[in-house]
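Now for the letters of each chain:
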Amino acid sequence: MKLSQSFTKTTKTAPADEASNSAKYLLRAGYIYKEMAGVYDYLPLGMRTLDKIMNIIREEMNAIGGEELRMTSIQPKEAWEASGRWDDKVMDVWFKTKLNAGGELGLGPTHEEPITRLMKSYISSYKDLPVYVYQFQTKFRNELRAKSGIMRTREFMMKDLYSFSKTREEHEAFYEKCADAYHRIFDRLGIGNDTFRTFASGGAFSKFSDEFQTLCDVGEDIIYLDRKKGIAINEEVYNDETIKDLGLNKDSLEQCKAAEVGNIFTLGYRFSDALDLCFNDEEGKRQKVFMGSYGIGPSRVMGVIAEKMSDDKGLIWPVDVAPYKYYIVGIGEAGEAKAEELHNFAPEDVILDDRKNARTGEKFADAELMGIPYRVVVSDKTLANNQVEIKNRITNETKLLTLEEFTSKLS
Ligand code: ATP
Ligand code: MG
């Protein structure tokens, strides 16, 4: 990517109503654009990072047998009336509207009802089960308060997987597999050490659900964490009974602020009952399908990473989610020509700062604000020794590499 050809620009200030660091930096660095409170556009840099986060999640969901689809956001009310969730008192975040042709519809806040209804066309026998399907999709929630930039918005990206099993046992085996996959995802996203499986309120079919909570000062949840065991309790179910149930000890629990990045849930027969999703077992007996749902919010995750990994100069992305790996600045005539050549060799890895109207100091500051993992300087001076200078955004360490060494790192 050549900065001279990109429409986005960095700015010195962020909107006054943005309190969190992540929102300020993401706006200033040109990752996102604010339409209104809780509603953001993803600009080219922001889209790349969001896509990288989604791809890591996708790989891990595919690895446990997930099949990807994409459902519509438009929701007919009938499916939701069947489960009792069309009522605004039951689901208080609905965006609803009317069809010109007559009738009401809602913009999907989640997809249990429509996916259950869809599966009625495909599941009829034990031979059709289990089914594991997931999607990346825009969800709409009329949140009373938007908060912390892209961490709580009214339109956001969700990865939602739904499992359809013959029995509770089959369900539980997959549930644990998915929990393991979640740990791998958060490790790969660079927040694994601060993300904990957290017991939260369940439903009729399980005492608890499992949230994945990342320690974060602007997080909206309070959790009680046993660091040694690596598990936590959400304050909503924090009481003597839960502590005892989980074999934990009050004295070793730390109270922490955290952001919910994922949530897995045993749904049981809640929706298969309401929408009558059944299968014939091996004896030909009609049985209800046992369900689970598994969410992650990639856009909230992006906000959490930005929040946790930043300094007074800007963002600091882990390499695997950075929009580009290298930020190259050419200085002097030969330096600029070589910088362009390196960019053209691997445009997917490189931001080339070839802006004619920016000074070198401004270019360096923007590289830091954008949080690009490595800043590379190619000048007439480094080229005299056939070298480039490379600076690590995390460690601040500067090294000289030969052109051959650097080129071999480019994909
Ligand atoms: P919260 O308690 O934070 O409102 P939730 O429990 O209602 O979230 P789920 O229905 O479990 O959220 O959604 C799955 C995931 O989607 C969450 O773990 C979170 O990562 C993400 N998410 C939920 N609401 C929002 C939102 N308003 N903005 C951005 N991401 C969200
Ligand atoms: Mg949740």
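Residues numbered from 1 in each chain as written. Chains lettered and ligands numbered in written order. Predicted model: local features only at pLDDT ≥ 70, side-chain atom pairs only at ≥ 80, totals over all residues. Heavy atoms only, no water.

Student: I tried to follow the overall build of the chain on my own but got confused; where do I start?
Tutor: Helix and strand counts for the chain stand at 12 helices and 23 strands. Considering only C-alpha atoms, the chain reaches an extent of 80 × 60 × 45 Å along its principal axes. Considering the chain as a whole, with its 411 residues, one finds that 53% of them fall into the buried category. Considering only contacts within the chain whose residues lie at least 6 apart along the sequence, 66% involve residues at least 24 apart. Taken as a whole, the chain presents about 19,200 Å² of accessible surface, with 48% of it coming from carbon and sulfur. For the chain, the distance from the average site of its 57 positive side-chain charges to the average site of its 67 negative ones is 2 Å. (Helix = DSSP H or I, 4+ residues; strand = E, 2+ residues; numbered from the N terminus. Buried < 20%, exposed > 50% of the residue type's maximum accessible area, 1.4 Å probe, protein only. Contact = heavy atoms within 4.5 Å. Areas by Shrake-Rupley, 256 points an atom, 1.4 Å probe, with all protein chains shown as cover. Lys, Arg positive; Asp, Glu negative; His and termini not counted. Charge placed at Lys NZ, Arg CZ, Asp CG, Glu CD.)

Student: Looking at this structure, I do not really get the environment of Ala16. What am I missing?
Tutor: Counting through the fold element by element, Ala16 comes out in the segment before α1 (21-28). Along the backbone, Ala16 and Tyr122 are 106 residues apart, and their C-alpha atoms lie at a distance of 51 Å.

Student: How should I be thinking about helix α10 (residues 360-370) in this particular structure?
Tutor: Each turn of an α-helix holds 3.6 residues, which means side chains three or four residues apart point in the same direction. Looking at α10, one finds that the buried residues are Lys363, Asp366, Ala367, Glu368, Leu369 and Met370. Phi for Gly371, located one or two positions after α10, is positive at around 75°.

Student: Would you explain the packing of α1 against helix α8 (residues 298-308) in this entry?
Tutor: Helix-helix packing: each pair is described by the crossing angle between the helix axes and the interaxial distance. As a packed pair, α1 and α8 sit with axes 8 Å apart at the nearest point and diverge in direction by 100°. Taken together, the axes of α1 and α8 lie roughly perpendicular to each other. Side by side, α1 and α8 meet where Asn21, Ser22 and Leu26 of the first sit next to Met302, Gly303, Ala306 and Glu307 of the second. Tallied by class, residues from the contact of α1 with α8 come to 3 nonpolar, 3 polar and 1 charged. (Axes fitted to C-alpha atoms, helices over the stretch in contact; angles between N-to-C directions. Parallel < 35°, antiparallel > 145°, perpendicular 65-115°, else oblique. Nonpolar A, V, L, I, M, F, W, Y, C, P; charged D, E, K, R; others polar.)

Student: Would you explain the coordination of the magnesium ion (ligand 2) in this entry?
Tutor: Expected angles at a metal are 109.5 degrees for tetrahedral coordination by four donors and either 90 or 180 degrees for octahedral coordination by six donors. Surrounding the magnesium ion (ligand 2) are the protein donor atoms Glu260 (OE) and Asn263 (OD1), which sit 2.3 to 2.4 Å from the metal. Glu260 sits in the partly exposed class, given a relative accessible area of 24%. (Donors = N, O, S within 2.8 Å, 3.2 Å for Na, K, Ca; no water.)

Student: Looking at this structure, how should I read the sheet that holds strand β20 (residues 350-352)?
Tutor: Where strands meet in a sheet, backbone hydrogen bonds hold them as pairs that are either parallel or antiparallel. Strand order in the open sheet made by the 5 strands is β20-β19-β21-β22-β23, with mixed pairing throughout. At either margin of the open sheet sits one strand with a lone partner, and together these are β20 and β23 (398-402). If you compare each strand with its neighbour and ignore which way they point, the axes differ by 25° on average. The sheet contact formed by strand β21 (residues 374-379) and strand β22 (residues 387-392) spans 4 bridges and is antiparallel. Across the sheet, residue Tyr374 finds its bridge partner in β22, namely Asn392. Its contacts with the sheet put α10 on β19 (326-331), β20, β21 and β22, and the angle it makes with β19 is roughly 180°. (Pairing = 2+ DSSP bridges.)

Student: What's the story with the nonpolar core in this structure? I'm lost.
Tutor: Considering soluble globular proteins, one finds that nonpolar side chains tend to be buried as a cluster. Of all hydrophobic cores here, the largest spans 58 residues; its most connected members are Tyr31, Met61, Tyr182, Phe186, Leu189 and Trp317. Top contributing element to this core by residue count: helix α5 (residues 168-188), with 8 residues. Not counting chain neighbours up to four residues away, the residues in contact with Trp317 comprise Leu26, Tyr31, Thr49, Met302, Ile305, Ala306, Ala322, Pro323, Met370, Gly371 and Pro373. (Core = buried A, V, L, I, M, F, W, Y, C linked by side-chain atoms within 4.5 Å.)

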